[in-house]
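Fold and contact review
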Amino acid sequence: MQNLWNDNDVAHCKTDLDLRVYSSNLLGQSDELVLHGGGNTSVKSTLNGEEILYVKGSGWDLVSIKAEGFSPVKMSALLEMAKLENLSDSNMVSGQKEAMIDSSAPTPSVEAILHALIPFKVVDHTHADAVVTISNSLHGAEYITELYPNFLIVPYIMPGFVLAHKIYEMTRDLDWDGCEGIILLNHGIFTFDNDAKKSYDKMIDAVSIAEKFLNENAPISFDEIEPTGFDVGKLKQVIQEAKGHSVVMKINQTQLALKYASNPNLEEFATRGVLTPEHIIRTKHQPLIIDDNNLDEVLIEYIEGYQEYFEAFSSNEIMLNPIPNYVVIQDFGVVVFGKNEKETNIINDIVEHTMLAVIRADKLGGYESISMADSFAMEYWELEQAKLK
Ligand SMILES: [Zn+2]
């Protein structure tokens, strides 16, 4: 994993926040670390005697975030919230907003409390492909524990307050000086330091360990696969009608997509869930699989399956559109549908990274993502539902 730090580029950085912007942009430049809005970063600083956490605001991408993309939140308020036994995510978000010292700043990341709990100036959080690929494999937790002996390893917990409170409990007696980072299984990785460069270096070094492990234990090669034909015009029309709005379609026939789509057991192989939880908002838990040509039939089955999933886990949520956002077609490739070009490209990028992870995790014994219940909790998160209601 390439370290992009350049001392000449930081010469202009005068404040903690300047440097925070610089290293956040660096993390964002590596799409094997974060994709579109993924990950978050923070820096602790003092303003008029008060300790402030500048944390990534929602709606910003690390690659392009600027100083105004960071929300300044009072550390004392975040640390108080961490101690609460119960707090809904909506109340956590409003509590964080009340603790902002500039009301025009963006809404702080839902991981702000977690950042506050880490007693180092600079905190970096990514969804590094290599780390989540290993974590999402059959013996992922064991491999991760072996590879990262000095990291705090946290079993999967839904992001938001429950995760923050869990970290509060797990770290009350922790010797932080002996802790090199945190790995959230099936989710991502945190590194931290009082020095921005060191925190960034630790991220690159930690992810390089995972990459080396994958290169040794799950090497990947591509044969030249020729795609078969498929009537994508008809597919687009059917998806569009089912969704009830126009879509932008993207056909992915890279060698990766062809290798993925040529798996003889597609129905099981390509439906095993997301790489990191937040992807579910874009991709849903699984794609539509077409392994013969009966499109109408498989689409009806997909919708029925989605309704069953919704009914199994819902209490009073509003059901989202049950139509797939991407389709894996046997020996043809992958077709992605978004409401506009931007969304289509985002979904396609996420699917690309997921396909590689699935193929590699299979070489480690099998790909295993979060459970259906956890997928539902993420897809129907109260913060997402609030936007609909
Ligand atoms: Zn995350």
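Bear in mind the structure is a predicted one, so any value in this text is a computation, not a measurement. (Residues numbered from 1 in each chain as written. Predicted model: local features only at pLDDT ≥ 70, side-chain atom pairs only at ≥ 80, totals over all residues. Heavy atoms only, no water.)

On to the pattern of salt bridges. In the structure shown here, the tally under the stated rule is nine salt bridges. The shortest N-O distance in the salt bridge between Arg-20 and Asp-124 comes to 2.6 Å. Residue Arg-20 is found in helix 1 (residues 16–29), and its partner Asp-124 is found in strand 4 (residues 122–126); the two are separated by 104 residues along the sequence. Side by side, Arg-20 and Asp-124 carry an identical accessibility label, which is buried. One salt bridge in this structure joins Lys-212 and Glu-216, with 3.4 Å as the shortest N-O distance. Within this pair, Lys-212 and its partner Glu-216 are both found in helix 8 (residues 196–217), separated by four residues, close to a single helical turn. (Salt bridge = Lys/Arg side-chain N within 4 Å of Asp/Glu carboxyl O. Helix = DSSP H or I, 4+ residues; strand = E, 2+ residues; numbered from the N terminus. Buried < 20%, exposed > 50% of the residue type's maximum accessible area, 1.4 Å probe, protein only.)

Turning next to the sheet that holds strand 11 (residues 333–338). Here we have four strands laid out as an open sheet, ordered 8-11-10-9, and mixed in their pairing. Strands at the two margins of the open sheet, each flanked by one partner only, are strand 8 (248–252) and strand 9 (288–290). Taken over all neighbouring pairs, the strand axes of this sheet differ in orientation by 20° on average, direction set aside. Direction of pairing for strand 8 relative to strand 11: antiparallel, over a ladder of five bridges. Across the sheet, the residue bridging to Met-249 is Phe-337, located in strand 11. Across the sheet, helix 14 (residues 341–363) lies against strand 8, strand 10 (326–329) and strand 11, angled at about 145° from strand 11, the strand it touches most. (Pairing = 2+ DSSP bridges. Axes fitted to C-alpha atoms, helices over the stretch in contact; angles between N-to-C directions. Contact = heavy atoms within 4.5 Å.)

The protein atoms that coordinate the zinc ion are His-125 (NE2), His-127 (NE2) and His-187 (NE2), at distances of 2.1 to 2.2 Å. Read N to C, the donor residues that coordinate the zinc ion are spaced as H-x1-H-x59-H. Pair noted here: His-127 is in the loop between strand 4 and helix 5 (129–135) and His-187 is in the loop between strand 6 (181–184) and strand 7 (188–193), with a separation of 60 residues, a long-range link. The exposure class assigned to His-127 is buried, which follows from its relative accessible area of 8%. According to the relative accessible area criterion, His-187 is buried, its value standing at 3%. (Donors = N, O, S within 2.8 Å, 3.2 Å for Na, K, Ca; no water.)

We now examine the side chain of Asn-186. Within the secondary structure, Asn-186 is located in the loop between strand 6 and strand 7. If we skip the residues at most four places from it in the chain, Asn-186 touches Val-132, Ser-135, Asn-136, Tyr-156, Leu-275, Thr-276, Pro-277, Glu-368 and Ile-370.

Moving on, we come to the pairing of strand 1 (residues 40–47). Working note: regular strand, side chains alternate between the two faces of the sheet. With respect to burial, strand 1 is a largely interior element, six of its eight residues being buried. Note: strand 1 against strand 2 (residues 50–56), six bridges, orientation antiparallel. Paired with Leu-47 across the two strands is Glu-50, which belongs to strand 2. Here strand 1 folds back onto strand 2, and the loop between the two strands holds two residues, one of which, Asn-48, carries a positive phi near 50°.

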